[in-house]
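Remarks on the overall topology
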Amino acid sequence: VDADWLTTQTVSVRPGGRLVAMFSRVTSPDGTVRTFTEADAVTSEDDNRTTYKIAYPGIEKGSVIEEGSRIEYTWSPDFRPPLQEDIPLIHTVPAKRMEVRMVYPDDWTVQVKETSAGTMPPFETIPSFDGQGKTMLRYRSEDVPAYADERFAPYLKEFAPYLEVRVTGIPSVGYTATDSW
């Protein structure tokens, strides 16, 4: 396999964010398992973002690739972290199983937008899932097809499923969203 998008993991972090963890595990058809972390990533700065990229050497057809990352943003008087996120539910590689998680404090209010009239991706909200005052928004899917990332292709949100999530209230800092979708 020589396509870059099939043999790398890329994570971009917006200003004010911090990459806490980046990890992947590659299981070859012969059962050999290789693991990678943020320590293996090459870092670059572009478009006001920091990008971390891990290359998987020697990928073979039939390899299973598991990826994950964790990014944290800290609220301060002079910085408001991104309070809206578009989370794609399809990627450039097919997935046998996919799980997306967003974790936030229990006292925050979060809204998920319908992505088209009457269409809401199936997700679940699990309050206090960790016993430490955090809620998890979780989406799971199986047999997810890939899409080709082409130069002149339509914007991903025009043809692919995604979760559009926004924080509408943070009581500890007195934040309440004043606009609506």
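Placed above this text is the structure.
Quick look at the structure, then. Throughout this description, residue numbers start from 1 for each chain and increase along the sequence as written. Predicted model: local features are reported for residues with pLDDT of at least 70 only, side-chain atom pairs are reported and counted for 80 or more only, and whole-chain, interface and lining totals are derived from all residues. Computation of side-chain values: all heavy atoms of the structure, hydrogens and water removed.

Quick notes on the overall build of the chain
A count of helical and extended segments in the chain gives zero helices and 13 strands. Only DSSP runs of H or I covering at least 4 residues are called helices, and only runs of E covering at least 2 are called strands; the numbering of each starts at the N terminus. Counted from the first residue to the last, the chain has its helices and strands arranged as β-β-β-β-β-β-β-β-β-β-β-β-β. Overall size of the chain, expressed as C-alpha extent along the three principal axes, is 55 × 40 × 40 Å. Considering the chain as a whole, with its 181 residues, one finds that 29% of them fall into the buried category. Here, two residues are considered to be in contact whenever any of their heavy atoms come within 4.5 Å of each other. Long-range contacts, defined as pairs at least 24 residues apart, comprise 67% of the intrachain contacts of the chain with a sequence gap of at least 6. For the chain, the accessible area works out to roughly 11,700 Å², and carbon and sulfur atoms hold 49% of it. Here the chain carries 19 positive and 28 negative side-chain charges, and the mean point of each set is 2 Å from the other. Exposed residues in this analysis have more than 50% of their type's maximum accessible area, buried residues have under 20%, and partly exposed residues fall in between, with area computed by a 1.4 Å probe over protein chains only. Per-residue and other accessible areas follow the Shrake-Rupley method at a 1.4 Å probe size, with only the shown protein chains counted as cover for residues. Counted as positive: Lys and Arg. Counted as negative: Asp and Glu, with His and the chain ends omitted from the count. For charged residues, the charge sits on one atom: NZ in Lys, CZ in Arg, CG in Asp, CD in Glu.

A word on the pattern of salt bridges
Salt bridges, as used here, are contacts in which a Lys or Arg side-chain nitrogen is within 4 Å of a carboxyl oxygen on Asp or Glu. Summed over the entire model, instances satisfying the criterion amount to eight salt bridges. Between Glu85 and Arg14 there is a salt bridge whose closest N-O contact spans 3.3 Å. Separated by 71 residues along the polypeptide, Glu85 in strand β7 (residues 84-88) and Arg14 in the loop between β1 (8-13) and β2 (17-27) bring together distant segments of the chain. The class for Arg14 is partly exposed, based on a relative accessible area of 23%. Linking Glu72 and Arg70 is a salt bridge whose minimum nitrogen-to-oxygen distance equals 2.7 Å. Salt bridges sharing partners connect three or more residues here, namely Arg18, Arg70 and Glu72.

Some points on the environment of Val33
With respect to the secondary-structure elements, Val33 resides in strand β3 (residues 33-37). Each C-alpha atom of the pair Val33 and Thr109 lies 40 Å from the other, and the pair is 76 residues apart in sequence. Every residue in contact with Val33, bar those within four places of it in the chain, is listed here: Arg25, Val26 and Thr27.

Some details on the pairing of strand β12 (residues 162-170)
Most of β12 is tucked away: nine of the nine residues are buried. Each pair of strands is called paired provided DSSP finds at least two bridges between the two strands. Strand direction decides the pairing type here: strand β9 (residues 109-113) and β12, joined by five bridges, are antiparallel. Bridge pairing in β12 places Val112 opposite Val165. Taking the residues between adjacent antiparallel strands as the criterion, β12 and strand β13 (residues 175-176) are bridged by four residues, where Gly174 takes a positive phi near 75°.

Here's the deal with the nonpolar core
Membership of the largest hydrophobic core comes to 16 residues, with the highest contact counts inside it found for Leu89, Met98, Val100, Leu137, Tyr139, Leu163 and Val165. Mapped by element, the contributors of at least two residues to this core are β8 (95-105), β11 (134-144) and β12. Among the elements that take part in this core, β8 stands out by supplying five residues, more than any other. Apart from the residues within four sequence positions on either side, Tyr139 is in contact with Leu89, Met98, Glu99, Val100, Pro121, Pro122, Phe123 and Leu163. Buried Ala, Val, Leu, Ile, Met, Phe, Trp, Tyr and Cys residues form a nonpolar core when they are joined through side-chain atoms within 4.5 Å.

Quick notes on the environment of Ile90
Tracing the chain through its elements places Ile90 in the loop between β7 and β8. Not counting chain neighbours up to four residues away, the residues in contact with Ile90 comprise Met98, Val144, Pro145, Ala146, Tyr147, Leu156, Ala160 and Pro161.

Any link to function would need more than the numbers given here.
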